[in-house]
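# Results of the structural survey
Each chain, written out:
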Amino acid sequence: MAEEAIPDLSAVKSGFMADLIGGGKVTKRVILSEAVVNSIRRAAESGDIIGLEELDKLKGIAEQVGVEISLKEEQRRFDDPDEAVLRLAHEGGHCLVTS
C-alpha cells in the first residue's frame with residue numbers, strides 16, 4: 001500500500017491505476033504528470049479516447065474514496081511521457097506505477 005503514487009501512461013490507459021485506487025492500494029494522492037495528461041489529450045484529439053475515458057474513471061473512483069489527484073508540471077519538456085514520469089517519481093521519492 002502506498003499513500004502517494006505517480007502512474008505512467010500505460011497504468012492510466014489500462015485502468016490499472018483506477019483499480020489500485022478502488023482497491024485501497026493508494027490512499028492519499030495520485031500525482032499525474034503533465035506529460036501523461038498531454039499525451040492523453042493529443043490521442044483524444046486524434047480520435048483515441050480510451051485514455052480520456054480511463055482518466056475520467058480514475059477521477060471518479062478517486063473522488064469516491066477521497067484520494068486527491070494533482071497535476072505536476074515539469075520544469076523541462078519531455079518527448080516521452082514515461083521519461084517524465086520516471087524522473088518525477090525518482091526526484092520526489094514517489095511510488096511509480098506501471099502496467
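Before going into details, it helps to say that this report is about the structure given with it. (Residues numbered from 1 in each chain as written. Predicted model: local features only at pLDDT ≥ 70, side-chain atom pairs only at ≥ 80, totals over all residues. Heavy atoms only, no water.)

Turning our eyes to something else, we now look at the environment of aspartate 82. Assignment of secondary structure puts aspartate 82 in helix α5 (residues 81–92). Aspartate 82 gets classed as partly exposed once you look at its relative accessible area, which sits at 33%. Taking C-alpha positions, aspartate 82 is 8.1 Å from alanine 35, a pair spaced 47 residues apart along the chain. Not counting the four nearest positions on each side in its chain, aspartate 82 is found in contact with Asp8 and Leu9. Looking at aspartate 82, its side chain comes within polar contact range of the main-chain nitrogen of leucine 9, at 3.3 Å. (Helix = DSSP H or I, 4+ residues; strand = E, 2+ residues; numbered from the N terminus. Buried < 20%, exposed > 50% of the residue type's maximum accessible area, 1.4 Å probe, protein only. Contact = heavy atoms within 4.5 Å. Polar contact = N/O pair within 3.5 Å; in protein donor to acceptor, adjacent residues only side chain to side chain.)

Within the element layout of this structure, valine 37 appears in helix α3 (residues 34–45). Sequence separation between valine 37 and glutamine 75 is 38 residues; the distance between their C-alpha atoms is 15 Å. The residues touching valine 37, leaving out its near neighbours within four places in the chain, are Leu32 and Leu71.

Geometric descriptors of this kind do not, in isolation, establish any biological role.
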